[in-house]
Amino acid sequence: MSENILDEIWSKIRLLLKSHPWHGVPIGNNIPETVTTYIEIVPTDTVKYEIEKNSGYLKVDRPQKYSNICPTPYGFIPQTLCAENVGEYCMKMTGRDNIIGDNDPLDICVITEKSLNHSNILLQAIPIGGLRMIDNNEADDKIIAVMKDDAIFSQWKDISDCSESFIERLKHYFLTYKDAPGSEGKRCEIQSVYGKDEAYEIINASHSDYLKRYGDLNTLLNRKDI
């Protein structure tokens, strides 16, 4: 089946049905350099929203109990999954054992000069690095990207272009947003900060994990036995 016919099938499906943000929205044709991103929360939100995996609707995960505010629009990359390949890559880069993926889509923070006043939107993002976060022996990477064509931050090409204070702000948010102030036994750690090339590796690994788990509709439509 030709690509033109596949594109036509997809266009008709999207006219009839709302696409599931995780499964029905394409990751993009230029990965890992540019990725489609679904935004779940923005810096003005005082409630943490996240996707409800079965329905594709945003749900209230929890009100933010403390003063933590996400510094950037935050969401995930469609058609990604942190599973075997992502866990293996984390073990390779850290030298640790028994790390697995967290079985969620790959998280992403998007830097932009613009104020996005609500979530549940799609945008195009250019990855420049990431935070290697480990949550109870689960790989929970946070890709850092800039919004495509952003007038100010599109000049940032790698994590090294970010100020140290900005990276510290991101790290503080992710290290504290699940824990009460003063609580013992912190569940999260950020093992390292990495640049664009490693971000690319993790995006590709998570997309491979997704295809292994959920398959690809284009491949299914191309089967000769149906």
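Residues numbered from 1 in each chain as written. Predicted model: local features only at pLDDT ≥ 70, side-chain atom pairs only at ≥ 80, totals over all residues. Heavy atoms only, no water.

Q: Any chance you could break down the overall build of the chain for me, citing the residues and the numbers?
A: Each helix and strand counted, the chain has 5 helices and 10 strands in total. Scored against the burial criterion, the 226 residues of the chain give a buried share of 44%. For the chain, contacts bridging at least 24 residues in sequence account for 74% of all contacts bridging at least 6. For the chain, the accessible area works out to roughly 11,900 Å², and carbon and sulfur atoms hold 49% of it. (Helix = DSSP H or I, 4+ residues; strand = E, 2+ residues; numbered from the N terminus. Buried < 20%, exposed > 50% of the residue type's maximum accessible area, 1.4 Å probe, protein only. Contact = heavy atoms within 4.5 Å. Areas by Shrake-Rupley, 256 points an atom, 1.4 Å probe, with all protein chains shown as cover.)

Q: Give a description of helix α2 (residues 84-94) that names residues and reports values.
A: Here α2 has its buried residues at Val86, Gly87, Tyr89, Cys90 and Thr94. Along α2, the residues classed as buried sweep out an arc of 160° about the axis, all on the same side. Residues of α2 that are buried make contact with β5 (100-101), β7 (121-135), β8 (138-139), β10 (188-195) and α4 (196-214). Where α2 ends, the next residue or the one after it, Gly95, has phi of about 75°, a positive value. (Arc of directions from axis to C-beta.)

Q: Can you tell me about the pairing of strand β3 (residues 58-63), naming the residues and giving the values?
A: Across 5 bridges, strand β2 (residues 47-51) lies against β3 in antiparallel orientation. Paired with Lys48 across the two strands is Arg62, which belongs to β3. The turn linking β2 back onto β3 is made up of 6 residues, and Gly56 within it adopts a positive phi angle of 85°. (Pairing = 2+ DSSP bridges.)

Q: For the side chain of His20, give the residues involved together with the corresponding values.
A: Along the polypeptide, His20 turns up in the loop between α1 (3-16) and β1 (35-41). Separated by 2.7 Å, the side chain of His20 and the backbone oxygen of Lys53 make a polar contact. Look past the residues within four positions of His20 in its chain and what remains in contact with it is Val25, Glu52, Lys53, Asn54, Ser55 and Gly56. (Polar contact = N/O pair within 3.5 Å; in protein donor to acceptor, adjacent residues only side chain to side chain.)

Q: Lay out α4 in plain terms, naming residues and giving numbers.
A: Under the 1.5 Å per step criterion, the end-to-end length of α4 is 27 Å for 19 residues, consistent within 8% with the ideal 27 Å. Of the residues making up α4, those classed as buried are Ala199, Tyr200, Ile202, Ile203, Ala205, Ser206, His207, Asp209 and Tyr210. Just past α4, the residue Gly215 takes up positive phi, approximately 75°. (Expected span 1.5 Å × (residues − 1).)

Q: How would you explain the layout of surface pockets if you had to name every residue and give the values?
A: There is about 400 Å³ of room inside the second largest pocket. Considering the residues around the second largest pocket, the lining is formed by 21 residues, among which Lys48, Glu50, Asp102, Asp104 and Asp107 are closest to the centre. Elements with a contribution of two residues or more to the lining of the second largest pocket: β2, β3 and β4 (74-77). Top element by residues in the lining of the second largest pocket is β2. It accounts for 3 residues. (1 Å grid on protein atoms, 1.4 Å probe; cavity = no way out; pocket = protein on both sides within 12 Å on 5 of 7 lines; lining within 4 Å. Points joined across faces, edges and corners; volume = space filled by probe spheres on them.)

Q: If you had to explain the pattern of salt bridges to someone new, which residues and values would you point to?
A: A full pass over the atoms with the stated rule returns 9 salt bridges. With a closest N to O distance of 4.0 Å, Lys59 and Glu50 form a salt bridge. Judged by its relative accessible area of 35%, Lys59 is partly exposed. Given a relative accessible area of 25%, Glu50 falls into the partly exposed group. A salt bridge links Glu168 to Lys171, with the nearest nitrogen and oxygen atoms 3.4 Å apart. With Glu168 and Lys171 both in helix α3 (residues 164-176), this residue pair falls 3 residues apart, about one helical turn. The partly exposed category is assigned to Glu168, whose relative accessible area is 39%. (Salt bridge = Lys/Arg side-chain N within 4 Å of Asp/Glu carboxyl O.)

Q: An account of the nonpolar core is requested, with residue identities and associated values reported.
A: Membership of the largest hydrophobic core comes to 25 residues, with the highest contact counts inside it found for Ile77, Leu106, Ile108, Val110, Ala125 and Ile143. Contributing elements (two or more residues each) for this core: β1, α2, β6 (106-111), β7, β9 (142-147) and α4. Counting residues per element, this core draws most heavily on α4, at 4 residues. Setting aside residues no more than four positions away along its own chain, Ile108 makes contact with Val35, Thr37, Pro73, Tyr74, Gly75, Phe76, Ile77, Ala125, Ile143 and Ala145. (Core = buried A, V, L, I, M, F, W, Y, C linked by side-chain atoms within 4.5 Å.)

Function cannot be read off these values alone, since they describe shape.
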